[in-house]
Amino acid sequence: MKILITGGAGYVGSVLANAALESGCSVRVIDALHFDRKVPIIHLSNPNYEFFRIDICERQNIAPLLEGVDYVVHTAAIVGEPASNRFPELTEKTNYAAAKEIIRLCAEKGVKGFIFLSTCSNYGITEGLAREDGVLKPLSLYADTKVRVERLLMDGTPGIDWVVCRMSTVYGASPRMRFDLTVNDFAMNAYRKRYLDVFLPYTYRPYIHVYDAARVIMSMIEHFGEARNNVFNVGFNGENYQKIKIADIVRQFIPDLKIDVVDKGTDLRDYQVDFRKLEQYLGLKNLFTVEDGVKEVVDMLSQGIIEDPDADIYYNTKPRLENPVEH
Ligand SMILES: NC(=O)c1ccc[n+]([C@@H]2O[C@H](COP(=O)([O-])OP(=O)(O)OC[C@H]3O[C@@H](n4cnc5c(N)ncnc54)[C@H](O)[C@@H]3O)[C@@H](O)[C@H]2O)c1
């Protein structure tokens, strides 16, 4: 089976590429390499792996790469509110216009299924647990573009089978590391500074380990026949946490950590999510918890695996977006 992963050199995409190869699939990756350009190297000598440094906004380059592809997992995007605020036009072009065109091309080329990585951020603020059919309140351009692509798929116009994965906030080690995600950010800052400011500490979000996220997506492909044309919250019951709880978990690894809570902040998202539908369809349990993710970050820093966690490549607000595919 051949899987094409857009954004396959990204934080989630690179772990997914690995998982797909491990499960015996051929993997074709399209990525503009906005961040850590070395990510694909590990797989380049694998005959089941192909890498193309291509901008997804250039449709003429995408169409030929869909030949012979069974499933497309679309992860490429300008990811997160801060990045979408900083690059609004690029966000609109990448997250909505390019996604729409790729969906159309997938239908034209007879791709069996399109798996869209959306986000639980679409819920914005919830009372109680958000289910897939609940009200969406996107609070950023980033989430708004995700909601619009979801609607496009749901209204059936493109004529292709699809699955929408509304992902929890991801954490843990990836070949393309991100230190702008809550668990990774808290663990990295706590390790280096012994100090954390926690803004809006009682707001909730669901979290998932990046390897578990890849397992879910692979399982979605395996069970595509039953899962198709459905929206899934991707995460696990029991994995909704307040930010202060994440800071407390980090303190288990850094006992002299000083935590200051700040009852204000700009990120107003506050949602708890119901994952029973995913469990019902796929029957998967999480292999990892937030503790594991914190340990991975502390390990990678204490062993010097990542030397400079302040480098631009680890933050989505500082991508190399000027002519990303010029060499
Ligand atoms: N990481 C999370 O916590 C999280 C949570 C919810 C949803 N998601 C979704 O998962 C997906 C992956 O997120 P991530 O954390 O891996 O982000 P990421 O930024 O690490 O990965 C995105 C990848 O897409 C590539 N890309 C961006 N624009 C491109 C373009 N025009 N052409 C080709 N490649 C391009 C980037 O180079 C990058 O490698 C995104 O769609 C995101 O919305 C992630």
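Use the structure listed above.
Here's a quick rundown of the structure. (Residues numbered from 1 in each chain as written. Predicted model: local features only at pLDDT ≥ 70, side-chain atom pairs only at ≥ 80, totals over all residues.)

**Some words on the site of the ligand**
Near the ligand there are 29 residues, and of these G7, G10, Y11, H34 and M167 occur at the shortest range. Listed by contribution, the elements that provide at least two residues to the shell around the ligand are α1 (11-22), β5 (113-119) and β8 (169-171). Looking at the shell around the ligand, its residues break down into 16 nonpolar, nine polar and four charged. No fewer than three residues from each of domain 1 (2-170 + 207-234) and domain 2 (174-205 + 238-272 + 287-314) sit in the shell around the ligand. (Near = placed C-beta within 6 Å. Helix = DSSP H or I, 4+ residues; strand = E, 2+ residues; numbered from the N terminus. Nonpolar A, V, L, I, M, F, W, Y, C, P; charged D, E, K, R; others polar. Domains from an automatic or database assignment.)

**Notes on unusual backbone geometry**
A positive phi is found at L33, a non-glycine position, where the angle reads about 55°. A positive phi angle is found at R194, which is not glycine, with a value near 60°. By the secondary structure assignment, R194 is in the loop between α6 (182-193) and β9 (195-199).

**A few points about the packing of α6 against helix α9 (residues 243-253)**
Remark: α6 packs on α9, axes separated minimally by 10 Å, with the N-to-C direction vectors making an angle of 45°. Considering the angle they form, α6 stands oblique to α9. In terms of crossing hand, the pair formed by α6 and α9 is right-handed. Where α6 abuts α9, its residues T182, V183, F186, A187 and A190 lie against K243, I246, A247 and V250. (Axes fitted to C-alpha atoms, helices over the stretch in contact; angles between N-to-C directions. Parallel < 35°, antiparallel > 145°, perpendicular 65-115°, else oblique. Left-handed = near helix turned anticlockwise from the far one by under 90°. Contact = placed C-beta atoms within 7 Å.)

**Side note on the packing of α9 against helix α11 (residues 290-302)**
One way to put it is that α9 packs onto α11 with a least axis distance of 10 Å and a crossing angle of 50°. In terms of orientation, α9 lies oblique with respect to α11. For α9 against α11, the interelement crossing comes out right-handed. Contact residues: α9 offers I246, I249, V250 and F253, while α11 offers V290, E291, V294, K295 and V298. Broken down by class, the residue content of the contact of α9 with α11 amounts to seven nonpolar, no polar and two charged.

**Here we look at the pairing of strand β1 (residues 2-6)**
A regular strand places its side chains so that they alternate between the two faces of the sheet. Counting buried positions over the five residues of β1 gives four, a clear majority of the element. Here β1 pairs with strand β2 (residues 26-30) via five bridges, running parallel. Paired with I5 across the two strands is V29, which belongs to β2. With α1 bridging β1 and its parallel neighbour β2, the resulting β-α-β unit is right-handed. Pairing of β1 with strand β4 (residues 71-74), which is carried by four bridges, proceeds in the parallel orientation. In the strand pairing of β4, T6 is matched with H74. (Buried ≥ 20, exposed ≤ 12 C-beta atoms within 10 Å, placed from the backbone. Pairing = 2+ DSSP bridges. Right-handed = clockwise from strand over helix to strand, strands pointing away.)

**Concerning the environment of T169**
With respect to the secondary-structure elements, T169 resides in strand β8. On the neighbour-count criterion, T169 (21 C-beta atoms within 10 Å) is buried. Each C-alpha atom, one on T169 and one on T6, is 19 Å from the other, the two residues being 163 residues apart in sequence. Here T169 is in contact with L181, T182, R205, P206 and Y207, once residues within four sequence places are set aside.

**As for the sheet that holds β4**
On the basis of which strands lie adjacent, the open sheet formed by seven strands has the order β3-β2-β1-β4-β5-β7-β11 and parallel pairing. What marks the edges here is a single partner per strand, and that holds for β3 (49-52) and β11 (230-234). If you compare each strand with its neighbour and ignore which way they point, the axes differ by 20° on average. For β2 and β3, the ladder comprises four bridges, and the chain directions are parallel. The residue bridging V27 from the neighbouring strand is Y49, located in β3.

**Brief notes about α9**
Here α9 has its buried residues at K243, I246, A247 and V250. Projected onto a plane normal to the axis of α9, the buried residues spread over an arc of 100° and lie on a single side. Contacts from the buried residues of α9 go to α6, β9, β12 (240-242), β13 (258-262) and α11. (Arc of directions from axis to C-beta.)

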